[in-house]
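# A look at the structure
Below, each chain spelled out in residue letters.
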Amino acid sequence: MKKSLIAFAVLGAFASAASAQSSVVLYGIVDASTSYMSNQTTTGGKKFSLDNSNMSSSRWGFKGSEDLGNGLKANFQLESSLSVDTGTAGSLFDRIATVGVSGDFGTLNMGRQTNLAYDTLIQVDPLNVAHVGTNPNIALGGLNNATLYGTHGSSNGFSSATRQNNSVKYAFPSVLGGINFGAMYGFGEKAGDASASSYMGASAGFNQNGLTAVFSYGQMKDATNSSTLRVYTGGAKFVVNEEFTVKVTYAENELNTTGRTIGVFGAGVDYMLTPQTTLTAAYYANRRSGDMKAKADQYVAVAKYALSKRTAFYGSFSYAKAGTTAAKDQELGLFIGAGNKTATRTTVGLLHAF
């Protein structure tokens, strides 16, 4: 009951703000789908489910800006995760909670926000960030895996390393018509040791004449400042014509204490069959080395039919193949059940954005 009252109070406060400032908006995505998956148990058991966020992450939030004059604006964004299949949400504004300013000098945001590896990869991801929970570029390249990466960075003990708490992110204004740079720092906030649980990163990109090329570097410390996780990401997207787009990515992260290196190569194409129908094919090669050798590959095909600018039906088929049935290989396959070397997934869903 207390939680409900708090939630209504928060919504009421924002409703008042929205009436006072026309720039404040409520937005979100609601995505639900049915899925069939093979080889989910040691005996090859199947799984049927109603899933959340197979085309895009379900979410809701508020964002807005205030014109301060002379080209300067104050901005904020508050965004929460949403599980459509159960009607539950994560911690309030667990996805984004930022306030900042923007102008001719660029954009500065402070709070909880995504790291630069994630920001880089989502611009050129072969699947357009579909199947976010098992997308190798997000789970492995963008560090959205609490087991592998949750002990490093300023969100240590709170969530995966995809989002960093206590962070400042600065995007420089574009120069020469399409070149951009970014920088980010996350405070570990440990007394007596400024580096412990910290994050720092830098990015660069180019976007012009149908070509997008992006790169980033980041490093995170653990809570004792005895271990460093380094992250390298890059990729490109080329719009060949109105119907055809090609995308290529590579992401790699290294843990200095064990030598563990995880790399993800991705490639894919989008083909606009009709103005309403888009077909996507993607391939990911996931590899581990340094501390042990492991590998897995994913092949995914997606068809999306736009009913309107905000609503779409979609269907997809995925096939994952691990190097062996060992856990080290299955971990890279991302949706292969224990004791299996392969798995398939067939999904049909509906997405609405507001």
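Quick look at the structure, then. The structure presented is a predicted model; accordingly, all values stated were derived computationally and were not measured. (Residues numbered from 1 in each chain as written. Predicted model: local features only at pLDDT ≥ 70, side-chain atom pairs only at ≥ 80, totals over all residues. Heavy atoms only, no water.)

## Some remarks on empty space enclosed by the protein
Evaluated as defined, the whole model comprises 1 cavity of 30 Å³ or more. Of the pockets and cavities examined, the largest cavity occupies roughly 40 Å³. Those elements that place two or more of their residues in the lining of the largest cavity are α2 (116-122) and β11 (211-221). With 4 residues, the top contributor of residues to the lining of the largest cavity is β11. Looking at side-chain class alone, the lining of the largest cavity contains 7 nonpolar, 3 polar and no charged residues. (1 Å grid on protein atoms, 1.4 Å probe; cavity = no way out; pocket = protein on both sides within 12 Å on 5 of 7 lines; lining within 4 Å. Points joined across faces, edges and corners; volume = space filled by probe spheres on them. Helix = DSSP H or I, 4+ residues; strand = E, 2+ residues; numbered from the N terminus. Nonpolar A, V, L, I, M, F, W, Y, C, P; charged D, E, K, R; others polar.)

## Regarding the pairing of strand β18 (residues 342-353)
Where strand β1 (residues 25-37) meets β18, 9 bridges bridge the pair, whose relative direction is antiparallel. In the sheet register, D31 faces β18, and the bridge partner there is L351. Looking at chain direction, strand β17 (residues 311-322) and β18 are connected through 11 bridges and run antiparallel. The residue of β18 that forms the bridge with G315 is V348. (Pairing = 2+ DSSP bridges.)

## Here's the deal with the pattern of salt bridges
All chains considered together, the criterion is met by 7 salt bridges. With its nearest N and O atoms 2.6 Å apart, the salt bridge here joins D291 to R288. Accessibility expressed as a relative area gives 11% for R288, which makes it buried. Between E331 and R288 there is a salt bridge, with its nearest N and O atoms 3.4 Å apart. Of the two residues, E331 is situated in helix α5 (residues 327-333) and R288 in strand β15 (residues 277-289); the sequence distance between them amounts to 43 residues. Owing to a relative accessible area of 28%, E331 belongs among the partly exposed residues under this scheme. (Salt bridge = Lys/Arg side-chain N within 4 Å of Asp/Glu carboxyl O. Buried < 20%, exposed > 50% of the residue type's maximum accessible area, 1.4 Å probe, protein only.)

## Notes on the nonpolar core
Residues L127, L140, L143, Y149, M220 and L229 are the most contacted members of the largest nonpolar core, which totals 34 residues. Examining the composition of this core, we find that 4 residues originate from one element, strand β16 (residues 294-306), more than from any other. Here L140 is in contact with N135, L148, Y149, N253, I262, V264, N286 and L332, once residues within four sequence places are set aside. (Core = buried A, V, L, I, M, F, W, Y, C linked by side-chain atoms within 4.5 Å. Contact = heavy atoms within 4.5 Å.)

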